[in-house]
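Results of the structural survey
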Amino acid sequence: MKKVTAPTVVTTSEASEGPLPAQIQEALGELVGAAREGLLALSVGVGLGVVHELMELELDEVVGPRGKHNRDRVAVRHGHQEGSMTVGGRRAQVSRPRVRTADDAHELPVRTYEYFADRDPLTTAVMDRMLAGVSTRRFASVGEPVGEEVEDTSSATSKTSVSAMFVERTATALSELMSRRLDDVRLAVMMLDGIEIAERTHVVALDITTDGVKIPLGLWEGSTENATLARTLPADLVDRGLDPEQAILFVIDGGKALRRAINDVFGEHALVHRCHRHKERDVCDLLPERDRDQIRARMRAAWSLTDAELAQQRLELLASELDRTWPDAAASLREGTAETLTLMRLGIAGQLAKTLCSTNPCESMIEIVRYTQRNVKRWRDGDMRRRWTAAGMLVAEQQFRRRSRRGGGGGLQPSSSPAARSRTCS
């Protein structure tokens, strides 16, 4: 009887113990090494590998597979060249393929490389970190870990490179801010206030649309008492498409030159409200410390009324009392008193009145600007001041919340004719 030999059965565990192909072992070794440096470093390594694969796939579509002759092809491979792309806030070196037309007339772009090589993510990272208070010297150290191999060959993280990119990006931000078109914007409120930077004043404009959206419009160097600036500011807004026939409520700090300019550009029907906080400071600065809280409280009590005539009487009575002791404070209180009651005469009350009675929304934007500039030690010139202020205003814009339509005054709806402007925002 013939002896039958049983077939050899290879179990799964025995098969798994066999040696892996050399290419797979090498790839796994690279992944394990990257994983030791952190998950992000691993992701960067895998991502760069994927980008290389995508570039090769694009070449296969344009040129055709390697090793296959095609007499009808329109392009040919032309080797590789060193390139770079943005990874983790730095430029990582990559080897990019090159493609030329079949007749060798000119080089063709590799779309995949152009997409991933865009420098904008890097300049955005520079902008965000600098405005968050990171110095140019520490830019590289606060970046995400991308792995030792990528780190060793990365670029665009030196102090000079970071500074140059920040200057470029803030210059763009300033240009965008000062060229915003207003043709299709329905503005309801325009607030104007000043910020002191390196012993210079910037007047900033913040607008609130009829939908309650806050829009920074621009900045101009000089005070609201500067006649030249006061004429330039509203004229510039009109040149950018602002309709002077719109019913706009101007909330200002009380600068006389600016007030005259608003009349000149927008006419005598322009609605102007004097900021309560500025008026308080103007009056209280002329009083001794012991009297300030009491006078401030009486002013606020008058402004909290709903009857404009009664509020006017209360403020006149307070000014008469101050005439006997502090006449300068009395004169300051009387100056522009009627314009501190504009909202009351328009019938605006409740939360909406609290928002519009002062330039606080504009000052909130200014506080964000100051915060972004807190680590600047030396201001070189006016352009630097303007660039930093514009960048801070755009940061503030990202943090604005929509003004609710609920409140005593309802929505911010403009009237359609100058004659009806007394009902604006009601």
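Refer to the structure above for everything that follows.
First, a word on scope: everything that follows refers to the structure included in this document. Nothing here was measured: the structure is a model prediction, and the numbers come from that model.

Each helix and strand counted, the protein chain has 17 helices and eight strands in total. Once local pairs closer than 6 in sequence are excluded, the contacts in the protein chain between residues at least 24 apart make up 63%. Counting every atom, the protein chain has about 23100 Å² of accessible surface; 50% of that belongs to carbon and sulfur.

Moving on, we come to helix α17 (residues 382–399). A rise of 1.5 Å per residue sets the reference length of α17, with its 18 residues, at 26 Å; its end C-alpha atoms lie 26 Å apart and thus fit the reference within 8%. By the criterion of burial, α17 is predominantly enclosed, with 13 of the 18 residues buried. N-cap assignment for α17: the residue whose side-chain oxygen lies 3.2 Å from the backbone N of D383 is D381.

Attention now goes to the pattern of salt bridges. In the structure shown here, the tally under the stated rule is 21 salt bridges. Two residues, R181 and D183, come together in a salt bridge whose shortest N-O distance is 2.9 Å. A relative accessible area of 47% places D183 in the partly exposed class. A single network of salt bridges, built from pairs that share partners, joins R200, E221 and R385.

Turning next to the sheet that holds strand β5 (residues 200–209). If you trace the five strands from one edge of the open sheet to the other, you get β6-β5-β4-β7-β8, paired in mixed fashion. Two strands close off the open sheet at either side, each with one partner strand: β6 (214–221) and β8 (271–274). Strand-to-strand twist of the sheet, defined as the mean angle between neighbouring strand axes without regard to direction, takes the value 20°. Sheet analysis places β5 next to β6, joined by seven bridges and oriented antiparallel. Bridging from a neighbouring strand, I208 pairs with K214 of β6. Together, β4 (187–197), β5 and β6 form the strand contacts of helix α8 (residues 227–239), whose direction differs from that of β6 by roughly 140°. On top of the sheet, α17 reaches β4, β5 and β6; it is set at about 170° to β6, its chief contact.

Attention now goes to the environment of V213. As for its placement among the helices and strands, V213 is situated in the loop between β5 and β6. For V213, a relative accessible area of 31% translates into the label partly exposed. Residues V213 and F400 lie 187 residues apart in sequence; the distance between their C-alpha atoms is 8.1 Å.

The next subject is the environment of A297. Looking at the element boundaries, A297 is found in helix α11 (residues 289–303). Taking the C-alpha atoms as reference points, A297 and E280, separated by 17 residues in sequence, lie 9.7 Å from one another.

It is the contact of helix α16 (residues 360–372) with α17, at a shortest axis distance of 8 Å, that shows an interaxial angle of 125°. With respect to α17, the axis of α16 lies oblique. Like other packed secondary-structure pairs, α16 and α17 cross with a definite hand, here right-handed. Counted together, M365, I368, V369 and T372 of α16 and W388, T389, G392, M393, V395, A396 and Q399 of α17 form the full contact between these two elements.

With that settled, the discussion passes to helix α9 (residues 256–266). When α9 is considered as a whole, its buried residues turn out to be A257, L258, R259, A261, I262 and F266. On its buried face, α9 is in contact with β4, α8, β7 (249–252) and β8. A positive backbone phi angle near 90° is found at G267, which sits one or two residues after α9.

Here A198, not a glycine, exhibits a phi torsion of approximately 50°, which is positive. Along the chain, the position of A198 falls in the loop between β4 and β5. Residue classification places A198 among the partly exposed residues on the basis of a relative accessible area of 38%. Look at E199: it is not a glycine, yet its phi comes out positive at around 65°. On the secondary structure map, E199 appears in the loop between β4 and β5. Look at E199 and you get exposed, because its relative accessible area is 80%.

Rules and cut-offs
Once a new chain begins, its residue numbering starts again from 1 and follows that chain's sequence as written. Reporting of local features is limited, given that this is a predicted model, to residues whose pLDDT is at least 70; pairs of side-chain atoms are given and counted only at 80 or more, and all residues count toward the totals for whole chains, interfaces and linings. To obtain the side-chain values, all non-hydrogen atoms of the structure were included, while hydrogens and water were left out. Elements are defined by DSSP. Helices are runs of H or I of four residues or more, strands are runs of E of two residues or more, and each kind is numbered from the N terminus. Any pair of residues with heavy atoms lying within 4.5 Å of one another is described as a contacting pair. Here the accessible surface of atoms and residues is derived via Shrake-Rupley with a 1.4 Å probe, and residues count as covered only by protein chains that are part of the display. Helix span, as expected, comes to 1.5 Å for every residue beyond the first. Partly exposed describes any residue whose relative accessible area lies between the buried limit of under 20% and the exposed limit of over 50%, with all areas from a 1.4 Å probe on protein chains only and scaled to the type maximum. In the analysis that follows, any N or O atom pair within 3.5 Å is treated as a polar contact, provided that within protein one partner can donate a hydrogen and the other can accept it, and provided that, for residues neighboring in sequence, both atoms belong to side chains. In the sections that follow, a salt bridge refers to a side-chain nitrogen of Lys or Arg positioned within 4 Å of a carboxyl oxygen of Asp or Glu. Whether two strands pair comes down to DSSP finding at least two bridges between them. For helices, the fitted line uses only the C-alpha atoms of the stretch in contact; every axis is such a line through C-alpha atoms, and the angle between N-to-C directions lies from 0 to 180 degrees. Orientation categories follow fixed angle ranges, with anything under 35 degrees roughly parallel, anything over 145 roughly antiparallel, 65 to 115 roughly perpendicular, and all other angles oblique. In this scheme, a crossing is called left-handed if the near helix is turned counterclockwise away from the far one by less than a right angle; it is called right-handed if the turn is clockwise.

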